[in-house]
Amino acid sequence: MPVQISDDAGVRNFAYNSFNELETDSLVADSVTHLVTELGDDIGQRRERII
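What counts and how
All residue numbers here refer to positions counted from 1 along the written sequence of the relevant chain. Side-chain atom pairs in this predicted model are given and counted only at pLDDT of 80 or more, local residue features only at pLDDT of at least 70, and totals for whole chains, interfaces and linings cover all residues. Side-chain metrics in this entry use all non-hydrogen atoms of the structure; hydrogen atoms and water are not considered. Note on pairing: two strands pair once DSSP finds at least 2 bridges between them. Numbering goes from the N terminus for both helices and strands, where a helix is a DSSP run of H or I of at least four residues and a strand is a run of E of at least two. Only protein chains enter the accessibility calculation, which uses a 1.4 Å probe; a residue whose area is less than 20% of its type maximum is buried, one above 50% is exposed, and one in between is partly exposed.

1. A few points about the pairing of strand β3 (residues 22–29)
Part 1: Strand direction decides the pairing type here: strand β2 (residues 10–16) and β3, joined by six bridges, are antiparallel. Across the sheet, residue Arg12 finds its bridge partner in β3, namely Leu27.
Part 2: Hairpin geometry of β2 and β3 is characterised by an intervening segment of five residues between the two adjacent antiparallel strands and by a positive phi of about 60° at Asn20.
Part 3: Direction of pairing for β3 relative to strand β4 (residues 32–40): antiparallel, over a ladder of six bridges. Bridging across to β4, Ala29 finds its partner in Val32.

In structure tokens, the structure reads:
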């Protein structure tokens with residue numbers, strides 16, 4: 001489920017998996033996208049964070 005928030009800093013996008021756990025977080029500011037991706041294991045524990 002994507003969620004988008006806009007303010008003076010830019011546009012922030014969040015994407016969640018089917019368990020409502022955050023998977024992707026991005027910020028677009030001054031035409032530059034900053035992306036954070038979090039990956040989890042089979043039981044939902046955070047395993048990896050890619051920036």
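Once you've had a look at it, read on.
2. What to know about unusual backbone geometry
Part 1: Backbone geometry at Asp30 places phi at a positive 50°, although glycine is not the residue there.
Part 2: Inspection of the secondary structure assignment puts Asp30 in the loop between β3 and β4.
Part 3: Residue classification places Asp30 among the exposed positions, given a relative accessible area of 76%.
Part 4: For Ser31, which is not glycine, the phi torsion reads 65° and is therefore positive.
Part 5: Among the structural elements, Ser31 can be located in the loop between β3 and β4.
Part 6: The exposure class of Ser31 is exposed, given its relative accessible area of 77%.

Nothing here speaks to function; it is geometry throughout.
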